[in-house]
Amino acid sequence: MNKIQFDILRLIKENNTVAVDELARELFKTEEQISYGIKDLTVAGYLDQNRLTDEGVAFLEKHRIDNAVILAAGLSS
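Residues numbered from 1 in each chain as written. Predicted model: local features only at pLDDT ≥ 70, side-chain atom pairs only at ≥ 80, totals over all residues. Heavy atoms only, no water.

Enquirer: Quick rundown of the side chain of Gln5? Include the residues and the values.
Expert: Within the secondary structure, Gln5 sits in helix α1 (residues 3-15). Residue contacts for Gln5: discarding those within four places in its chain leaves Gly37, Asp40 and Leu41. (Helix = DSSP H or I, 4+ residues; strand = E, 2+ residues; numbered from the N terminus. Contact = heavy atoms within 4.5 Å.)

Enquirer: Outline the environment of Met1, listing residues and values.
Expert: With respect to the helices and strands, Met1 occurs in the segment before α1. Expressed as a C-alpha distance, the spacing of Met1 and Leu71, which sit 70 residues apart in the sequence, is 29 Å.

Enquirer: Lay out the nonpolar core with the relevant residues and their values.
Expert: If you look at the biggest cluster of nonpolar residues, it comprises 15 residues, and the most contacted ones within it are Ile8, Leu9, Leu23, Ile34 and Ile38. Contributions of two or more residues to this core are made by α1, α2 (20-27), α3 (31-44) and α4 (54-62). For this core, the element with the most residues is α1, which contributes four residues. For Leu9, the residues in contact, after removing those within four places along its chain, are Met1, Leu41, Tyr46, Leu47, Leu52, Phe59 and Leu60. (Core = buried A, V, L, I, M, F, W, Y, C linked by side-chain atoms within 4.5 Å. Buried < 20%, exposed > 50% of the residue type's maximum accessible area, 1.4 Å probe, protein only.)

Put into structure tokens, the structure is as follows:
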């Protein structure tokens with residue numbers, strides 16, 4: 001899975017939309033790239049009839065970020 005496909009899955013889960021033009025605008029990609037990504041995700045079993053499958057939800061859950069550490073440096077004045 002590449003970054004575009006992962007971002008498509010994430011946005012579909014967050015927004016419950018599969019509108020190619022909206023996804024393209026949100027991801028700064030062409031509609032053709034989004035269409036190919038959706039097709040590949042459907043073939044892989046992560047999407048079915050433009051909806052997330054259980055496998056797609058499980059994949060996103062497996063890659064969920066639980067916490068983060070933000071490192072900052074600089075002159076504090």
